[in-house]
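# Results of the structural survey
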Amino acid sequence: MIKNIDHIGIAVKSLDESLPLYTETLKLELEGIETVESQGVKVAFIMAGNTRLELLEALSPESPIAKFIEKRGEGIHHVALGVDDIEARIEELKQSGLRMIDDTSRKGAHAADVAFVHPKSTAGVLYELCEQALSKEEQG
């Protein structure tokens, strides 16, 4: 069901202020920055060994990330679990009694299909299911 930890989402007030910690101090590689309008965030992708960190900056005060920071401060926002066939995984989790924030997947960063599991049904941890888009090589 779960292939791997795809990434760890970290809520930050400012990418410009946060990136030096990761790139200069921790010497991690910045892969790129992308704006995901549909989720109201600007995302910096950082490789940390075989796991990606995604720094999430809110695009507006109404963004879920802005509300998270207002309530809890900067820090770990979610853990993304890599899956195949995300729609089937959503149905399996719902049948297992977990509450979903997203009943169907939506597009996230890197054109991945994503869906969030409500933290009230997972001991306070926000989990994201993440099915990565196939690369051109994988598509054949």
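Residues numbered from 1 in each chain as written. Predicted model: local features only at pLDDT ≥ 70, side-chain atom pairs only at ≥ 80, totals over all residues. Heavy atoms only, no water.

- Naming follows an unreviewed UniProt entry, where the protein chain appears as Methylmalonyl-CoA epimerase of Peribacillus simplex.

### Comments concerning the nonpolar core
- In terms of nonpolar packing, the biggest core is built from ten residues, these being Ala11, Val36, Val41, Val43, Phe45, Leu56, Ile65, Phe68, Ile69 and Ala109.
- Elements supplying a minimum of two residues to this core: strand S3 (41–48) and helix H2 (64–72).
- Counting residues in hydrophobic clusters, the runner-up holds nine residues, among them Ile10, Val12, Tyr22 and Leu53. (Core = buried A, V, L, I, M, F, W, Y, C linked by side-chain atoms within 4.5 Å. Buried < 20%, exposed > 50% of the residue type's maximum accessible area, 1.4 Å probe, protein only. Helix = DSSP H or I, 4+ residues; strand = E, 2+ residues; numbered from the N terminus.)

### Notes on the UniProt feature "domain: VOC" (unreviewed entry) in the protein chain
- Feature annotation in UniProt places "domain: VOC" (unreviewed entry) on residues 4–132, given in this structure's numbering.
- Along residues 4–132, the helical share is 23% and the strand share 41%, with 12 Å between the first and last C-alpha atoms. (UniProt positions renumbered as here; feature names shortened; annotations may be inferred.)

### Points about the pattern of salt bridges
- Counted according to the given criterion, the structure contains seven salt bridges.
- Residue arginine 52 is joined to glutamate 31 by a salt bridge in which the shortest nitrogen-to-oxygen separation is 2.8 Å. Within this pair, whereas arginine 52 is found in strand S4 (residues 51–58), its partner glutamate 31 is found in strand S2 (residues 29–36), the two being separated by 21 residues in sequence.
- Assessed through its relative accessible area of 39%, glutamate 31 is described here as partly exposed.
- A salt bridge links lysine 107 to aspartate 113, with the shortest nitrogen-to-oxygen separation between them at 2.8 Å.
- For lysine 107, a relative accessible area of 47% gives the class partly exposed.
- It is possible to trace a salt-bridge network through shared partners that takes in Glu91, Lys94 and Asp103. (Salt bridge = Lys/Arg side-chain N within 4 Å of Asp/Glu carboxyl O.)

### As for the sheet that holds strand S6 (residues 106–107)
- Across the sheet, eight strands lie side by side as S2-S3-S4-S1-S5-S8-S7-S6; this open sheet has mixed pairing. Each edge of the open sheet is held by one strand with a lone partner, namely S2 and S6. (Pairing = 2+ DSSP bridges.)

### So, the side chain of aspartate 102
- Within the secondary structure, aspartate 102 sits in the loop between helix H3 (86–95) and S6.
- On the basis of relative accessibility, which here comes to 10%, the residue aspartate 102 falls in the buried class.
- Within the local environment of aspartate 102, its side chain forms a polar contact with the side chain of arginine 106, the two groups lying 3.0 Å apart.
- Here the side chain of aspartate 102 touches phenylalanine 116 through a polar contact of 2.8 Å, landing on its backbone nitrogen.
- For aspartate 102, the contacting residues outside a window of four places in its chain are Ile90, Ala115 and Phe116. (Polar contact = N/O pair within 3.5 Å; in protein donor to acceptor, adjacent residues only side chain to side chain. Contact = heavy atoms within 4.5 Å.)

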